[in-house]
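Structural features, examined
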Amino acid sequence: MIIATTDDLPDKQILETFGLVRGNAVRARHLGKDIGAALKGLVGGEISEYTKLMGEVREQALDRMCEQARGRGANAIVALRFANTEIAAGAAEILAYGTAVRVAKE
Amino acid sequence: MTDTDETTPRRERPDPDELSCMAYVDDELAPDARAELERRMADEPELTARVSAYRKLEVLARQVAPAEPADHEWRRLDREGVQRAGLGVGWTLFVGGALFFYGWLGLELFRDDELELVPKLAIAAAVGGFGILLGMTLRARLKTLPHDPYTEVER
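Residues numbered from 1 in each chain as written. Chains lettered and ligands numbered in written order. Predicted model: local features only at pLDDT ≥ 70, side-chain atom pairs only at ≥ 80, totals over all residues.

**Remarks on the overall build of chain A**
On a plain count of helices and strands, chain A comes out with 2 helices and 4 strands. Since a compact globule built from 106 residues should have a radius of gyration of about 13 Å, the 17 Å found for chain A marks it as more spread out than a globular shape. Dimensions of chain A along its principal axes, counting C-alpha atoms only, are 55 × 25 × 15 Å. In chain A, the share of contacts with a sequence separation of at least 24, taken over all contacts with a separation of at least 6, comes to 78%. (Helix = DSSP H or I, 4+ residues; strand = E, 2+ residues; numbered from the N terminus. Rg over C-alpha atoms; globule rule 2.2 N^0.38 Å. Contact = placed C-beta atoms within 7 Å.)

Right under this line is the structure:
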């Protein structure tokens with residue numbers, strides 16, 4: 001599955017468009033990691049607990065979006081965008097969305 | 001080195017289920033075969049576990065990137081005795097102290113003669129109910145954890 005933020009792909013022709021596909025995920029770390037993250041917040045620097053959390057959510061949201069695109073017979077997603085919000089303290093949501101297309105080499 | 005070299009560990013041919021699991025994760029199964037595997041996964045936990053293991057590998061392979069210098073320093077710190085001991089003692093004192101405090105608080109509440117039996121029972125029911133809910137949620141999480149391929153994502 002080719003995923004791109006651009007509207008089209010170099011050397012590829014869009015043969016068919018399947019419309020919007022999206023995948024979202026909400027995840028949280030456990031209380032122990034939240035406490036560790038709060039302590040790191042006091043002294044500064046990267047909060048690796050939350051970096052990991054965002055990475056997990058991003059990958060899961062992307063996978064769900066790709067799964068939906070595959071289900072429609074697409075082999076690429078163009079115009080990918082991410083949106084994120086916070087549902088609850090310490091939980092992260094990412095929405096990945098784009099346009100599912102079927103492409104072939106020009 | 002040749003294929004017949006006895007020092008070379010021999011890789012047994014993957015069985016048909018293993019091939020199906022790999023193809024499933026790579027989205028290379030035909031729709032019928034995919035539906036059949038999914039139907040079997042609903043009844044065969046071992047098959048589900050195999051698919052989960054391959055799924056984890058697939059997600060991990062996406063994350064392959066050079067380690068940053070800070071990663072080495074974090075790993076070195078994780079191995080350092082002072083850091084490990086400090087974190088261990090800190091967590092033990094913190095969790096132990098919190099559990100003791102809440103236990104003591106509960107006991108004092110029940111010893112309180114001014115509080116009637118009904119509110120005491122209500123508090124006990126609320127705390128007990130919360131404990132059961134937490135236990136069940138934890139149980140569900142632990143059961144599904146081996147099938148969660150995203151736990152290995154670092155950043």
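**Some thoughts on the overall build of chain B**
Within chain B one finds 6 helices and 0 strands. Starting at the N terminus and ending at the C terminus, chain B contains elements arranged as α-α-α-α-α-α. Scaling as 2.2 N^0.38, a compact globule of 155 residues should have a C-alpha radius of gyration of about 15 Å, whereas chain B reaches 26 Å, well beyond that. With respect to the principal axes defined by its C-alpha atoms, chain B has extents near 85 × 45 × 30 Å. Expressed as a percentage of the 155 residues in chain B, the buried residues total 5%. Of the contacts formed within chain B by residues at least 6 apart in sequence, a portion of 58% connects residues at least 24 apart. (Buried ≥ 20, exposed ≤ 12 C-beta atoms within 10 Å, placed from the backbone.)

**Some remarks on the packing of helix α1 (residues 16–25) of chain B against helix α3 (residues 45–62) of chain B**
Residue and element names in this part refer to chain B. At a closest axis distance of 9 Å, the pairing of α1 and α3 adopts a crossing angle of 45 degrees. The pairing of α1 with α3 is recorded here as oblique in orientation. Classified by chirality, the crossing of α3 by α1 is right-handed. Where α1 approaches α3, its residues D17, E18, C21, M22, Y24 and V25 are matched on the opposing element by L47, R50, V51, Y54, R55 and E58. (Axes fitted to C-alpha atoms, helices over the stretch in contact; angles between N-to-C directions. Parallel < 35°, antiparallel > 145°, perpendicular 65-115°, else oblique. Left-handed = near helix turned anticlockwise from the far one by under 90°.)

**Quick look at α1 of chain B**
Residues and elements named next belong to chain B. Three or more residues of α1 are buried, namely S20, C21, Y24 and V25. Seen along its axis, α1 keeps its buried residues to an arc of 130 degrees; they face one direction. Elements that come into contact with the buried residues of α1 comprise α2 (31–43) and α3. Of the residues trailing α1, D27 is marked for its positive phi of about 60 degrees. (Arc of directions from axis to C-beta.)

**Topic: the sheet that holds strand β4 (residues 91–105) of chain A**
All names here are of chain A. Ordered in space as β1-β3-β4-β2, the 4 strands form an open sheet in which the pairing is mixed. At either margin of the open sheet sits one strand with a lone partner, and together these are β1 (2–3) and β2 (12–28). Pairing analysis gives 8 bridges linking strand β3 (residues 76–85) to β4, with the strands arranged antiparallel. Residue pairing across strands places I77 opposite A100, the latter belonging to β4. Running at roughly 140 degrees to β2, helix α2 (residues 48–71) makes contact with β2, β3 and β4 of the sheet. (Pairing = 2+ DSSP bridges.)

**Considering the interface of chain A and chain B**
Reports of interface size often rely on the accessible area that becomes lost once the parts have come together. Taken together, the contact pairs 7 residues of chain A with 6 residues of chain B. Grouping the amino acids of the side of chain A that touches chain B by side-chain chemistry returns no nonpolar, 3 polar and 4 charged. (Nonpolar A, V, L, I, M, F, W, Y, C, P; charged D, E, K, R; others polar.)

**Some remarks on the environment of N84 of chain A**
Tracing the sequence through the fold places N84 of chain A in strand β3. In this structure, N84 of chain A is in contact with A92, E93 and I94 of chain A, ignoring residues within four places of it in sequence.

**What about unusual backbone geometry?**
Residues and elements named next belong to chain A. For A79, which is not glycine, the phi dihedral falls at a positive 55 degrees. Here A79 is to be found in strand β3. For A79, a count of 14 C-beta atoms within 10 Å translates into the label partly exposed.

**Looking at the nonpolar core**
All names here are of chain A. Membership of the largest hydrophobic core comes to 18 residues, with the highest contact counts inside it found for A61, M65, A69 and I77. At the level of elements, β2, α2, β3 and β4 are the ones that each hand at least two residues to this core. No other element matches α2, which puts 7 residues into this core. Setting aside residues up to four positions removed in sequence, M65 forms contacts with V21, R22, G23, I77, A96, Y97 and G98. (Core = buried A, V, L, I, M, F, W, Y, C linked by C-beta atoms within 7 Å.)

**Examining the environment of G90 of chain A**
All names here are of chain A. Mapping G90 onto the fold places it in the loop between β3 and β4. You can call G90 partly exposed: it has 17 C-beta atoms within 10 Å. Along the chain, G90 and E49 lie 41 residues apart, while their C-alpha atoms are 10 Å from each other. If we skip the residues at most four places from it in the chain, G90 touches A28, R29 and D34.

**Overview of the pairing of β4 of chain A**
Residues and elements named next belong to chain A. Two strands pair when backbone bridges link them, and β2 and β4 are joined in this way by 15 bridges, in the antiparallel orientation. Bridging across to β4, L20 finds its partner in T99. Here β3 folds back onto β4, and the loop between the two strands holds 5 residues, one of which, G90, carries a positive phi near 85 degrees.

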